[in-house]
Amino acid sequence: MRTTALDGRKRTWLQSCGALYVFIVLSCSVMIGTSCLAAEIDFESQIAPIFEERCWFCHGEDEQESGLRLDLRAHMLKGGDSGLAAIVPGKPEKSYLIDVVKHLDPDAKMPPDEDQIPEAEIQLLENWIQQGAVWPGQMDTKLEESIDLWSFQPVVRPQIPEWPSTNPVDSFLLHELKAQELTYSDAADARSLLRRAAIVLTGLPPTPDVTESFVAAYETEPEQAYADVVDRLLNSPQFGERWAQHWLDVIRWAETNGSEANLYRKNAWVYRDYVVRAFNEDKPYDQFLREQIAGDTLGVGEATGFLVAGPHVPAATVGREPSAIRQARADRMDEIMQTVGASVMGVTVGCARCHNHKFDPISIRDYYALTAVFQDIEFGSRQPEYNTEHPLRKRGTELRKQIDEQRKSLRQFGGWEENWGAYRELHFNPVTAKAIRIQFKLRNVFLDELQVLGNDGSDRNLALARRGTKVSGFPEKGFQNRNPINRVNDGEFGTMTWRANTEKDQDKPWVQFDFKKPETISRLRLSNNREYFYDTDYLNRKPNLPRYEFDVQFLNDDGEWKPWVGTWWVNKKLPDEHPERKAILDEVQRLITILSEEGPRPSFVGRKIDPVVTRVLLRGSPETPRDEVFPAGPSALGGDLRLNSDATGPVRRRAFADWIADKNHPLTARVMVNRIWHHVFGMGLVPTTSDFGNAGAKPTHPELLDWLAAEFVEPTVTDGQPWSTKTLLRLLVMSDAFRQSSQPRDDGLVVDAGTQLLWRFPPKRVEAEVIRDAILQASGNLDLTVGGRSYRIHNEKATYAQWEVVDNHRPETWRRMIYQERMRRVDDQLFTAFDFPDCGQVRAKRPVSTTPLQALNLMNSQFVIDQSQRIAKRANGEAKDDASRAVDRCFELLLGRSPTGDERNACLDIIKNGELTLVCRAIINSNEFAFLP
């Protein structure tokens, strides 16, 4: 029989009966053998009244609380601010509407409080959704959503305004100034222009000799002289250091993790050096992005340090509670989202972590689809993938050949042990076996991994569980049943160890590996927390790597266990039998130490893991996973990568890199050219340099921004390569806008006090790094060595202690400040006062504060006192103790000019008592020293 829909009167009666109605429905299917729950639902008579009475007042045409509208089917399919579909036709279990009407989520109840709708009505809603959520008249209706956000629109190259100027930048700016009845200021003088260009492009002021040479050439051929000096500055090795620092600010790069322990990130500096090289080589920006997102597939594995530049909480701090581990992982993924969103896309992607973005067309599904792209990245270390031409790889190949030569000499003695810091490696004569057993001589054993390596010289772990190798041993469940033996071959290094702690009346610990097929082996590697060794450094308690004592047995073809080798034999018996081994072993260890410093080394550039299925997390909680999402960029930007959850991590990231670096992407070029403009003129054409969304500022010169973006990608006026940072910079600093005076004018201040229209060059204070590096340059002590390990200014510390500045002025620190250790949450006791970033937050635009501490630091800090003494000594020496000439020389070294008559006389009065040092400290404290001219 076919059950027809209930008419309105019966529905009202049944609603009043509540539980009785449910009982009748459930009983009906038993009595007639057909489920009444499958009865056809009539929307008009059964569903619409529920919505009208219960929902539409708060979620109808006039009002949509939480962005949810329930009076139109298309809006229900889309959902509200939660980002979850209110209805998924055919799947009530995935329909968020059912969750909230059932009050399953204490934070989202509809209706609110305890006013839950009757079970009978909920059952009707579930049946309606199960049957396809049929809504007569609305089945074909679709939402026509237009994206009107300006930055999401394609870049269209505008026409250059007609203006008698050879530089298009000036044509656009002067066109706008004319509309405001303004024009440029007079040109800056030669000294000011050179100092400005040098600091903007290299972060260092010009030396007195360079200044005098430029001023002389500028008097006769100003255009040629200036063009030549700009080219020289762009080709200077110091250019990459200056512009790398801008990039590092945005991505919050630092060498500690910023957590409670704030542990040091070992060898994270190799990423910083990559960025310096990239800018010095003028690596095309699209390639720069591809390498940072998927450099492991392009032979520049150190570039992926970009993805793990933000802060994170390490596993040891998180603990072992599963929910805490899941939450920490979600937090780390959010750090990647913040980095990618702020630096590359110029969009606050992280705002969509818990709900649809409040201002921009980015949904919560977009957010989690973007996290799916990076699911194979974990915060930690790995040995970067280098191409054959990389200098580190070349040096590493050379050193490994030397180690192998020494090993050939050792093989005649039968075996030896090498200490690689993170692990110990036992070498022995090859043996082929179906299984091996390691019998420890110690009762207390910690192992995060026990690797079995073959005779082919590769690092393939034959014991890995993924290869089908079975592990067994004693104690199988580990200490107190919490540290199981399967951790020794799970491929994971770190705190999740096999811990064996046996009593005197028990057997000593042992491990057995059964291979899928007979394997030839010649090495074992053992470690107890390899991740900790690779990830951190500079602790007063170093990661402990014990010398394991054990014997190795192998299972022969007859099924018998045969003794093979033991560490007692390698470390105790052989040295006595063959004392000549020692010199060779010492040489091997010496080469290993050099290799760890000069060759490829595990570095904090991201650890690789197997990607998992990604799901939308309701309100950002890992405890409420919802629908599966595939790797993709934001849908409003056409981010479909045509991938699913089966795609490998490198494939995901490579596809995303190609998408974001595409020349037609509306954000990529706009964001970068705006950032470059900001660092040249002090304010971006879009003042909010990392927020191109609706909550950010609108561009002051939209046509100029789009013209620059188009020119950046496909040059037509300039003769540089596509995506060239140096070519774009040359265009900007060669403009009349850049070369004009910074002096104020009344007419300009009235119309544009913030100088956004660029009627003068905007004066701005230089960064902390410029102040420090300029002082060292003036004293003649600046070490211009490019790249390498950061210089240390901090102590060694206990794990949970705080870093302390020990000495930030000794000779070992006289390098450019970009090479100073970058510790989060630590005051360097000098230049933090000048808004040197903490690296906890995105700093696309550094704040500029004025505090008494700045003047005190530049007058009384040990660094300034020491360098002022050296500047005074240099000035006196070069002036041959002529007091007047010594004063002049101090001005030239620090300000690039001679003093005025009044300045000279005032300084001479001071140095009557031999205080030329005080003159230097006073100049360092002047606005002229700290501001761009």
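Residues numbered from 1 in each chain as written. Predicted model: local features only at pLDDT ≥ 70, side-chain atom pairs only at ≥ 80, totals over all residues. Heavy atoms only, no water.

## Observations concerning the overall build of the protein
Move 1: The helix and strand inventory of the protein stands at 34 helices and 13 strands.
Move 2: Within the span of the protein, comprising 933 residues, buried residues form 55% of the whole.
Move 3: Summarising the internal contacts of the protein: among those between residues at least 6 apart in sequence, 70% fall at separations of at least 24.
Move 4: Surface summary for the protein: the accessible area is close to 40400 Å², and the carbon and sulfur share equals 50%.
Move 5: A gap of 6 Å separates the mean positions of the 116 positive and 135 negative side-chain charges of the protein. (Helix = DSSP H or I, 4+ residues; strand = E, 2+ residues; numbered from the N terminus. Buried < 20%, exposed > 50% of the residue type's maximum accessible area, 1.4 Å probe, protein only. Contact = heavy atoms within 4.5 Å. Areas by Shrake-Rupley, 256 points an atom, 1.4 Å probe, with all protein chains shown as cover. Lys, Arg positive; Asp, Glu negative; His and termini not counted. Charge placed at Lys NZ, Arg CZ, Asp CG, Glu CD.)

## What to know about the packing of aromatic side chains
Move 1: Evaluated as defined, the whole model comprises 36 aromatic pairs.
Move 2: Seen in terms of ring centroids, W247 and F306 are 6.1 Å apart; in terms of plane orientation they differ by 25°. Their pairing is stacked. Linking W247 in helix α12 (residues 237-251) with F306 in the loop between α14 (285-294) and α15 (315-318), this pair joins segments that are 59 residues apart in sequence.
Move 3: A ring pair is formed by Y367 and Y368, whose centres lie 4.7 Å apart and whose planes are at 80°; its orientation type is edge-to-face. Considered together, Y367 and Y368 belong to a single accessibility category, that of buried residues.
Move 4: Sitting over the ring of F761, R196 keeps its end group 3.9 Å from the ring centre. (Phe/Tyr/Trp six-rings, centres within 6.5 Å; stacked < 30°, edge-to-face > 60°. Lys NZ or Arg CZ within 6 Å of the ring centre and 35° of its normal.)

## Describing the pattern of salt bridges
Move 1: In the structure shown here, the tally under the stated rule is 68 salt bridges.
Move 2: For D627, the salt bridge identified is with R365, shortest N-O distance 3.7 Å. With D627 in strand β13 (residues 625-629) and R365 in helix α17 (residues 364-373), this pair connects stretches of sequence that are 262 residues apart.
Move 3: The salt bridge partner of D835 is R765, with a shortest N-O separation of 2.8 Å. Here D835, found in the loop between α28 (768-779) and α29 (852-860), pairs with R765, found in the loop between α27 (746-751) and α28; they are 70 residues apart in sequence, far enough to count as distant. Neither D835 nor R765 differs from the other in exposure class; each is buried. (Salt bridge = Lys/Arg side-chain N within 4 Å of Asp/Glu carboxyl O.)

## Description of the packing of helix α18 (residues 391-411) against helix α21 (residues 581-598)
Move 1: α21 packs onto α18 with a crossing angle of 170° between their chain directions and a minimal axis gap of 10 Å. One way to sum up the angle between α18 and α21 is to call them roughly antiparallel. For the crossing formed where α18 meets α21, the hand is left-handed. Residues L392, R395, G396, L399, R400, Q402, I403, Q406, S409 and L410 of α18 pack against R581, I584, L585, E587, V588, L591, I592, I594, L595 and E598 of α21.
Move 2: Its residues assigned to classes, the contact of α18 with α21 comprises 11 nonpolar, 4 polar and 5 charged. (Axes fitted to C-alpha atoms, helices over the stretch in contact; angles between N-to-C directions. Parallel < 35°, antiparallel > 145°, perpendicular 65-115°, else oblique. Left-handed = near helix turned anticlockwise from the far one by under 90°. Nonpolar A, V, L, I, M, F, W, Y, C, P; charged D, E, K, R; others polar.)

## A short note on a negative patch on the surface
Move 1: The grouping of E61, D62, E63 and E65 at the surface amounts to a negative patch.
Move 2: Topologically, E61 is positioned in the loop between α4 (56-59) and α5 (73-78). (Patch = residues over 30% accessible without salt bridge, like charges linked within 9 Å, V, L, I, M, F, W, Y side chains within 5 Å.)

## Brief notes about helix α20 (residues 567-577)
Move 1: All of the buried residues along α20 are T567, V570 and L574. Looking down the long axis of α20, one finds its buried residues gathered within 85° of arc, a one-sided arrangement. The exposed set on the far side of α20, more than 90 degrees from its buried face, consists of K572 and D576.
Move 2: Packing partners of the buried residues in α20 comprise β2 (415-419), β3 (424-440), β9 (550-555), β10 (561-566) and α21. (Arc of directions from axis to C-beta.)

## Section: the pairing of strand β8 (residues 510-527)
Move 1: With 12 bridges joining them, β3 and β8 adopt antiparallel strand pairing. Within the sheet, the bridge partner assigned to I438 lies in β8 and is V511.
Move 2: Where strand β5 (residues 449-454) and β8 come together, 6 bridges link them in antiparallel fashion. Its bridge partner being in β8, G454 is matched across the sheet by I521.
Move 3: Examined bridge by bridge, strand β6 (residues 470-474) and β8 share 5 bridges and lie antiparallel to one another. Bridge pairing in β8 places V471 opposite F513. (Pairing = 2+ DSSP bridges.)

## Observations concerning the nonpolar core
Move 1: W128, F374 and L708 are the most contacted members of the largest nonpolar core, which has 198 residues in total.
Move 2: Contact partners of F374, with chain neighbours within four places excluded, come to I293, L307, R329, M333, I336, M337, V340, R653 and F656.
Move 3: With 30 residues, the next largest nonpolar core counts L426, I436, V445 and I521 among its residues. (Core = buried A, V, L, I, M, F, W, Y, C linked by side-chain atoms within 4.5 Å.)

## What to know about helix α22 (residues 649-660)
Move 1: If you check α22, its first and last C-alpha atoms are 17 Å apart, about what 12 residues at 1.5 Å a residue would give, namely 16 Å.
Move 2: Residues G649, R652, R653, F656, A657, W659 and I660 constitute the buried set of α22. The buried residues of α22 occupy an angular sector of 160° when the element is viewed end-on, so they sit on one face. (Expected span 1.5 Å × (residues − 1).)

## Concerning the side chain of T614
Move 1: Topologically, T614 is positioned in strand β12 (residues 614-617).
Move 2: Here the side chain of T614 touches Q375 through a polar contact of 3.4 Å, side chain to side chain.
Move 3: In this structure, T614 is in contact with Y368, T371, A372, Q375, D627, E628, V629 and R652, ignoring residues within four places of it in sequence. (Polar contact = N/O pair within 3.5 Å; in protein donor to acceptor, adjacent residues only side chain to side chain.)

## Structural notes on unusual backbone geometry
Move 1: In this structure, the amide linkage connecting M110 to the following residue, P111, adopts the cis form with an omega of -15°.
Move 2: Here the amide bond leading from F474 into P475 is cis, since omega sits at -10°, within 30 degrees of zero.
Move 3: Even without a glycine there, the phi angle at N262 is positive, about 50°.
Move 4: For N262, the position within the fold is in the loop between α12 and α13 (269-280).
Move 5: Among the residues examined, N262 registers a relative accessible area of 0% and is labelled buried.

## Topic: the confidence of the model for the protein
Move 1: When pLDDT is averaged along the protein, the result is 90, and 96% of the positions lie at 70 or above.
Move 2: The low-confidence segment residues 1-37, where pLDDT is below 50, has 32 contacts with residues more than four positions distant or belonging to other chains. (pLDDT = per-residue confidence, 0-100.)

## Some details on the packing of α12 against α13
Move 1: Here α12 crosses α13 at 125°, and the two axes come no closer than 7 Å. Classed by the angle they form, the pair α12 and α13 counts as oblique. The handedness of the crossing between α12 and α13 comes out as right-handed. Across from P237, F239, G240, E241, W243, A244, W247, L248 and I251 in α12, the residues of α13 making contact are Y271, R272, V275, V276, F279 and N280.
Move 2: Here the contact of α12 with α13 is built from residues that sort into 11 nonpolar, 2 polar and 2 charged.

## What to know about the environment of S82
Move 1: When you line up the elements, S82 lands in the loop between α5 and α6 (96-101).
Move 2: Taking the C-alpha atoms as reference points, S82 and S363, separated by 281 residues in sequence, lie 8.7 Å from one another.
Move 3: Beyond its immediate sequence surroundings of up to four residues, S82 is in contact with Y96, C354, H355, N356 and I364.

## Thoughts on the side chain of N262
Move 1: In this structure the side chain of N262 is engaged in a polar contact, spanning 2.8 Å, whose partner is the side chain of T256.
Move 2: Within polar-contact distance, the side chain of N262 engages the backbone oxygen of R824 at 2.7 Å.
Move 3: What N262 contacts, discounting residues up to four positions off in sequence, is T256, N257, K797, W803, R824, R825 and V826.

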